Amino acid sequence: MDSTSPEPSLYTVKALFILDNDGNRLLSKYYDLELYPSMKEQKNFEKNVFNKTHKADNEIAFLEGMTIVYKSSIDIFFYVVGSAQENELMLMSVLNCLFDSLSQILRKNVERRCLLDNMDGVFLVVDEIIDGGVILECDSQQVLQKVNYKADDNPLSEQSVAQHITEKLALTSNVLQSAKEQIKWSILK
């Protein structure tokens, strides 16, 4: 191997973060602490990345010697950061796995409020995909199987509340009818 090419490494992801549509951090994981050691440097990097990408219609950016792949959905932006020599397709597969997994967990409602409401599941997904900068999994179905996280299975909506009330009224009506029958038969005896 010649001296100009970097040593192969399993540590492919330098950082992963999710920002809202104002550039505020919702989640961040930095795997190379030498890259941006302080919170201030991390937030400054995120701000620069957001400013460069939030109006662009691309999927990849190069900034500060980093390769950045990104995707947006409604009011949030997903970013995966690797070194300049990193394979963009590998980073994109991590990003797609993250997005697809979260889309399943959030029931296709990938937006800020739902993400914040299910942050524990989001962290589980991120930790199942990447560990210390090493890509563990790129198949969203495998991630979901391992995480086994389900957002609230019975969210209350107007329809579910109305259905619940209707079922209770029907049950109450059946109980009253049964009580009437029992009273009627006890009187007739």
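Higher on the page you've got the structure.
Predicted model only: the values in this text are computed from it and were never measured.

Criteria and thresholds
Residues numbered from 1 in each chain as written. Predicted model: local features only at pLDDT ≥ 70, side-chain atom pairs only at ≥ 80, totals over all residues. Heavy atoms only, no water. Phe/Tyr/Trp six-rings, centres within 6.5 Å; stacked < 30°, edge-to-face > 60°. Helix = DSSP H or I, 4+ residues; strand = E, 2+ residues; numbered from the N terminus. Buried < 20%, exposed > 50% of the residue type's maximum accessible area, 1.4 Å probe, protein only. Pairing = 2+ DSSP bridges. Axes fitted to C-alpha atoms, helices over the stretch in contact; angles between N-to-C directions. Contact = heavy atoms within 4.5 Å. Salt bridge = Lys/Arg side-chain N within 4 Å of Asp/Glu carboxyl O.

## Structural notes on the packing of aromatic side chains
Applying the stated rule across the entire model yields nine aromatic pairs. Aromatic pair Phe-17 and Phe-45: ring centres 6.1 Å apart, planes at 80°, arrangement edge-to-face. Taken as a pair, Phe-17 in strand E1 (residues 13-20) and Phe-45 in helix H1 (residues 39-53) lie far apart in primary sequence, 28 residues in all. Its relative accessible area of 1% is what places Phe-45 among the buried residues. Note on Phe-78 and Phe-99: the rings are 5.5 Å apart at their centroids and 90° apart in plane angle, and the pair reads as edge-to-face. Of this pair, Phe-78 sits in strand E5 (residues 76-83) while Phe-99 is found in helix H2 (residues 88-105), placing the two residues 21 residues apart along the sequence. Take Phe-78 and Phe-99: they sit in the same class, and that class is buried.

## Examining the pairing of E1
Counting buried positions over the eight residues of E1 gives eight, a clear majority of the element. As paired elements, E1 and strand E2 (residues 25-30) share five bridges and run antiparallel to each other. Looking across to E2, one finds that Leu-19 is bridged to Arg-25. In this structure, the hairpin formed by E1 and E2 is closed by a connection of four residues, where Gly-23 is found at a positive phi of approximately 85°.

## Examining the sheet that holds strand E3 (residues 60-63)
Overall, antiparallel pairing links the five strands, which are arranged E2-E1-E5-E4-E3 in an open sheet. Since the sheet does not close on itself, it has two edges, and those belong to E2 and E3, each with one partner. For this sheet, the mean inter-axis angle between neighbouring strands, taken without regard to orientation, is 20°. Here H1 sits on the sheet in contact with E1, E2, E3, strand E4 (66-73) and E5, set at roughly 115° to E2. Here H2 sits on the sheet and contacts E1, E3, E4 and E5; the angle it forms with E4, its principal contact strand, is near 25°.

## Quick word on the pattern of salt bridges
Between side chains of opposite charge, a pair can form as their charged atoms come close. All told, the structure shown has seven salt bridges when counted by the stated rule. Its salt-bridge partner being Glu-111, residue Arg-113 comes within 3.7 Å of it at the nearest N-O pair. Take Arg-113: its relative accessible area is 52%, and that puts it in the exposed class. Residue classification places Glu-111 among the buried residues on the basis of a relative accessible area of 12%. Between Lys-146 and Glu-137 there is a salt bridge; the shortest N-O distance is 3.2 Å. For Lys-146, a relative accessible area of 45% translates into the label partly exposed. Bridged by salt links that share partners, the residues Glu-111, Arg-113 and Asp-117 form one connected network.

## Digging into the environment of Val-126
Mapped onto the elements, Val-126 comes out in helix H4 (residues 119-129). We classify Val-126 as buried; its relative accessible area is 1%. Remark: the alpha-carbon pair of Val-126 and Cys-97, spanning 29 residues in sequence, is separated by 9.5 Å.

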